[in-house]
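Reading the structure
The chain contents come next:
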Amino acid sequence: GSSPPPALPLPSLPNSLAMFNAKLEQTILPLMGAHFSQAIPGSMTSLRVADAFVVKYNAAGGQTELKPHRDGSVLSFNIALNMASEFEGGGTWFASTDSSLRLEQGEMLMHASGCLHAGSPITSGTRFILVGFVILVDYQNVAMRFMKTVWDK
């Protein structure tokens with residue numbers, strides 16, 4: 001629960017990496033840039049994915065949850081890789097709302113990395129998500145200002 005669940009780095013999945021890179025430029029980064037444009041200076045072109053990997057939660061014999069934590073980037077996103085009907089429970093819990101958001105396959109959740117959140121426990125089945133951590137080209141100059149806007153809310 002407190003350590004990250006098993007993860008498979010996206011570069012180790014060449015076909016998935018190619019598909020991800022196409023979606024990244026066409027959809028993911030433009031959405032993130034538009035959604036966070038008021039909080040992050042600069043343009044969408046300053047966003048970079050620092051890390052992306054597939055996470056597996058397995059109720060039958062693996063890790064079922066991830067305890068509350070903050071990510072070490074500026075923005076984070078999760079994309080549901082399998083249907084929500086394939087597992088019970090799960091989702092991403094946010095301290096600010098004290099509730100979990102469950103995604104359907106292909107849906108994306110994006111948030112400020114400094115928001116306290118967790119991987120809600122699954123009680124049956126297997127949940128797969130693609131997790132990405134996004135930084136800014138000029139990360140050191142704006143990261144703390146952005147984190148302060150998150151923490152002040």
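Only a predicted model underlies this, so the values are computations on that prediction, with no experimental measurement involved.

For strand 2 (residues 47-58) and strand 10 (residues 122-136), the ladder comprises eleven bridges, and the chain directions are antiparallel. Bridge assignment links Val 49 to a residue of strand 10, and that residue is Val 134. Strand direction decides the pairing type here: strand 4 (residues 75-80) and strand 10, joined by six bridges, are antiparallel. Within strand 10, the residue paired with Ala 80 across the bridge is Ile 129. With three bridges connecting them, strand 5 (residues 87-89) and strand 10 associate as antiparallel partners. Counted as the bridge partner of Gly 89 is Ile 122 from strand 10.

In this section: the sheet that holds strand 6 (residues 92-94). An order of 3-9-6-7 is seen for the four strands of this open sheet, with the pairing classed as antiparallel. Strand pairing shows two members of the sheet lacking a second neighbour, strand 3 (66-69) and strand 7 (99-101), which therefore form its edges. If you compare each strand with its neighbour and ignore which way they point, the axes differ by 25° on average. Examined bridge by bridge, strand 3 and strand 9 (residues 117-119) share two bridges and lie antiparallel to one another.

Our next topic: helix 1 (residues 14-35). An α-helical turn contains 3.6 residues, so any two residues separated by three or four positions project in the same direction. The end-to-end C-alpha separation of helix 1 is 29 Å, in line with the 32 Å expected for 22 residues at 1.5 Å each. The largest bend along helix 1 measures about 60° and falls at Leu 24. Buried within helix 1 are the following residues: Phe 20, Leu 24, Ile 28, Leu 29, Met 32 and Gly 33. In this structure, the buried residues of helix 1 make contact with strand 2, strand 4, strand 8 (108-112) and strand 10.

Here the focus is the layout of surface pockets. By volume, the largest pocket amounts to about 390 Å³. Met 19, Phe 20, Ile 79, Leu 81 and Leu 130 are, among the 16 residues lining the largest pocket, the residues nearest its centre. The dominant element in the lining of the largest pocket, judged by the number of residues it contributes, is helix 1, at seven residues. Residue composition of the lining of the largest pocket, grouped by class: twelve nonpolar, three polar and one charged.

The final tally for this structure, using the stated rule, is two aromatic pairs. When the centroid spacing of 6.2 Å and the interplanar angle of 20° are considered together, the rings of Phe 20 and Phe 77 count as stacked. Here Phe 20 is found in helix 1, whereas its partner Phe 77 is found in strand 4, with 57 residues between them in sequence. The pair formed by Phe 20 and Phe 77 is uniform in burial state, with each residue classed as buried.

So, about the nonpolar core. Considering soluble globular proteins, one finds that nonpolar side chains tend to be buried as a cluster. Among the nonpolar cores identified, the biggest contains 18 residues, and Phe 20, Ile 28, Met 32, Leu 47, Leu 75 and Phe 77 are the most heavily contacted of them. Counting residues per element, this core draws most heavily on helix 1, at five residues. With residues up to four places along the chain from it excluded, the contact list for Ile 28 reads Phe 20, Lys 23, Phe 77, Ile 79 and Met 108. Phe 53, Tyr 57, Ala 84 and Ile 129 belong to the second largest nonpolar core, which has ten residues in total.

Rules and cut-offs
Residues numbered from 1 in each chain as written. Predicted model: local features only at pLDDT ≥ 70, side-chain atom pairs only at ≥ 80, totals over all residues. Heavy atoms only, no water. Pairing = 2+ DSSP bridges. Helix = DSSP H or I, 4+ residues; strand = E, 2+ residues; numbered from the N terminus. Axes fitted to C-alpha atoms, helices over the stretch in contact; angles between N-to-C directions. Expected span 1.5 Å × (residues − 1). Bend = angle between axes of the 7 residues up to and from the residue. Buried < 20%, exposed > 50% of the residue type's maximum accessible area, 1.4 Å probe, protein only. Contact = heavy atoms within 4.5 Å. 1 Å grid on protein atoms, 1.4 Å probe; cavity = no way out; pocket = protein on both sides within 12 Å on 5 of 7 lines; lining within 4 Å. Points joined across faces, edges and corners; volume = space filled by probe spheres on them. Nonpolar A, V, L, I, M, F, W, Y, C, P; charged D, E, K, R; others polar. Phe/Tyr/Trp six-rings, centres within 6.5 Å; stacked < 30°, edge-to-face > 60°. Core = buried A, V, L, I, M, F, W, Y, C linked by side-chain atoms within 4.5 Å.

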